[in-house]
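# Descriptive structure summary
Read off the chains here:
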Amino acid sequence: MQQAAVRPRLDSLTGLRFFAAFAVFALHALSFGQHSWGVDVFTAGTTGVSFFFVVSGFVMSWTARSDDTSWAFYRRRFARIYPAYVVTWLLSVAMMVLDGRRPSLMDLLPLTLLQSWAPSEVVFWATNAVFWTLSCEAFFYLAFPVLHRCVRGWTVRSALIGIAVLVVVIEVAASVSVAVGGGPTAHWLVTVFPVTRLLEFVIGMLLGVMAVRGARRSPPMWLAVALTVGGFLAANHVPAGFRDVAVTIVPFTVLVWAAAQGDIHGRPSVLRRRLLVNLGAWSFAFYLVHTLVMRAGFETLDRLGWEKATLAGAPLFLATSGVLLAAIVAAWLLHTVVEVPLERRLRPRRADRGTSKASPADGAGAGQDAVAPGQETGPQAHREGPAA
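Treat the numbers as computed from the prediction; the structure is a model and nothing was measured.

With that settled, consider helix H9 (residues 194-212). With 19 residues, H9 should cover 27 Å at 1.5 Å per step; its first-to-last C-alpha distance of 26 Å lies within 8% of that length. Along H9, the largest kink reaches about 25 degrees and is centred on Glu200. The buried count for H9 comes to 18 of 19 residues, which makes it a mostly enclosed element.

Here is the structure:
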């Protein structure tokens, strides 16, 4: 297997992460004010999570190496994800108390990262509605060493067939969801259930296997972007069962592949500019805190006489832009004060990583991990190996 230390950085995927996080932000912003066109553009903002899942699988395969143990892999994932997650959980509970609500035992469940396994909105949206995705990611991390052992030896042709099969399964699941009339249980099964969402992650893994195997043919980046924008806009106008994953899974797969191939070949890309790479590196923190900042910001405007329910036009645009800027600043603080220092403190030293050739890992060195919610790929990442 190609050694991870010689693989190029994949900063374009880092830059794309910010756009995925922004799509989620824009969706949640629709809850405030009177939007004349936003509903037609950003209702499909939840597809940003699907993009994160595909990229996560890709980069974990791309940076995997055979001289690492599963235990070291799990420790790095914990160090990378959990500190910022717990701090955001504490902030979420504090905001509940400030709002006059009393936290319940249910609000302890997110700390276990098991909430997405229950088909109830009361459970998987407990404490903070964005936390459910981390429950899915935790399952992906748990499964990755076993899954990677199964697919790392696949040929490019086998990986392509696997991707095609998984896409068909995703489309069938969406079709069944719509055929049964939707509803809360169908929504959970298609959108929240970790086993279902694992399909996107494995698609990303198989893309990574193809890249490691040396596959280099790719559509031009402009075509991948056009396909993605078209898929995203189309996802706003389909039944709910198709919206979150089914319409955009192929465009996202093409986009991830094209962006990665551009970096592998060293092609110039605006996505690798420092600003976008930094924003992408902060995107996990941004994802965690944006709803808290959004709620605090619009409630402050309420107290100042700008009623959030009636905001429209230019005032709404200015208010939303201000909240976006505040969320980026809060994300930078969380990333700088919590994510980076605590990851360095908690992650295993290189000497502790082990030498088992049977257990794959997500890469070597500090920060050299996947780029789903909870991973870094910015300038401070991948000091000993490829960035992603």
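Bringing the packing of aromatic side chains into the picture now. For the structure shown, the criterion picks out 21 aromatic pairs. Aromatic side chains Phe25 and Phe286 sit 5.8 Å apart centroid to centroid with 40 degrees between the ring planes, which places their arrangement in the tilted category. In this pair, Phe25 sits in helix H1 (residues 11-29) while Phe286 sits in helix H14 (residues 283-303), placing the two residues 261 residues apart along the sequence. Residue classification places Phe25 among the buried residues on the basis of a relative accessible area of 2%. Classification of Phe286 by relative accessible area gives buried; the value is 2%.

What follows deals with the confidence of the model for the protein chain. Overall, the predicted model of the protein chain reaches an average pLDDT of 87, with 88% of residues at or above 70. The low-confidence segment residues 351-388 (pLDDT under 50) makes 185 contacts with residues lying over four places distant or belonging to another chain.

What follows is about the environment of Asp40. The topology assignment puts Asp40 in helix H2 (residues 38-42). Judged by its relative accessible area of 44%, Asp40 is partly exposed. For the pair Asp40 and Leu233, spaced 193 residues apart in sequence, the C-alpha to C-alpha distance is 7.8 Å. Not counting residues within four places of it along the chain, the set of residues in contact with Asp40 comprises Asn236 and His237.

Right, let's get into the side chain of Asp263. Mapped onto the elements, Asp263 comes out in helix H12 (residues 249-264). Using a relative accessible area of 5% as the deciding quantity, one classes Asp263 as buried. A distance of 2.3 Å separates polar atoms of two side chains, one belonging to Asp263 and the other to Arg272. Beyond its immediate stretch of four places on either side in the chain, Asp263 contacts Pro8, Arg9, Leu10, Asp11, Ser12, Leu13 and Arg272.

Let's shift gears to the packing of helix H7 (residues 156-179) against H9. Where H7 meets H9, the axes come as close as 9 Å, and the angle between the chain directions of the two elements is 165 degrees. Here H9 runs roughly antiparallel to H7, going by the angle between their axes. Along this stretch, H7 crosses H9, giving a crossing that reads as left-handed. Contacts from Val156, Ala159, Leu160, Gly162, Ile163, Leu166, Val167, Val169 and Ile170 in H7 reach Leu199, Glu200, Val202, Ile203, Leu206, Leu207 and Met210 in H9. In terms of residue class, the contact of H7 with H9 is made up of 14 nonpolar, 1 polar and 1 charged.

We now examine the pattern of salt bridges. Applying the stated rule across the entire model yields 11 salt bridges. Of the charged contacts in the structure, one is a salt bridge between Arg80 and Glu339, with a shortest N-O distance of 2.5 Å. Of this pair, Arg80 sits in helix H4 (residues 70-98) while Glu339 sits in helix H15 (residues 313-346); the two residues are 259 residues apart in sequence, bridging distant segments of the chain. Residue Arg80 shares its accessibility class with Glu339, and that shared class is buried.

Another aspect to go through is unusual backbone geometry. What is expected of a backbone is that most residues other than glycine have negative phi and most peptide bonds are trans. Of note, Leu113 is a non-glycine position whose phi angle comes to about 60 degrees, a positive value. Relative to the elements of secondary structure, Leu113 occurs in the loop between H4 and helix H5 (121-124). What makes Leu113 buried here is its relative accessible area of 16%. Even without a glycine there, the phi angle at Thr127 is positive, about 70 degrees. The topology assignment puts Thr127 in the loop between H5 and helix H6 (132-151). Taking the relative accessible area as the measure of exposure, Thr127 reaches 17% and is therefore buried.

Turning next to the nonpolar core. Among the nonpolar cores identified, the biggest contains 99 residues, and Leu13, Phe58, Leu288 and Phe298 are the most heavily contacted of them. It is H9 that provides the largest number of residues to this core, a total of 12 residues. Core analysis: the next-biggest nonpolar cluster, separate from the first, contains 8 residues, Ala26, Leu30, Phe42 and Ala235 among them.

Conventions and cut-offs
- Residues numbered from 1 in each chain as written.
- Predicted model: local features only at pLDDT ≥ 70, side-chain atom pairs only at ≥ 80, totals over all residues.
- Heavy atoms only, no water.
- Helix = DSSP H or I, 4+ residues; strand = E, 2+ residues; numbered from the N terminus.
- Expected span 1.5 Å × (residues − 1).
- Bend = angle between axes of the 7 residues up to and from the residue.
- Buried < 20%, exposed > 50% of the residue type's maximum accessible area, 1.4 Å probe, protein only.
- Phe/Tyr/Trp six-rings, centres within 6.5 Å; stacked < 30°, edge-to-face > 60°.
- pLDDT = per-residue confidence, 0-100.
- Contact = heavy atoms within 4.5 Å.
- Polar contact = N/O pair within 3.5 Å; in protein donor to acceptor, adjacent residues only side chain to side chain.
- Axes fitted to C-alpha atoms, helices over the stretch in contact; angles between N-to-C directions.
- Parallel < 35°, antiparallel > 145°, perpendicular 65-115°, else oblique.
- Left-handed = near helix turned anticlockwise from the far one by under 90°.
- Nonpolar A, V, L, I, M, F, W, Y, C, P; charged D, E, K, R; others polar.
- Salt bridge = Lys/Arg side-chain N within 4 Å of Asp/Glu carboxyl O.
- Core = buried A, V, L, I, M, F, W, Y, C linked by side-chain atoms within 4.5 Å.

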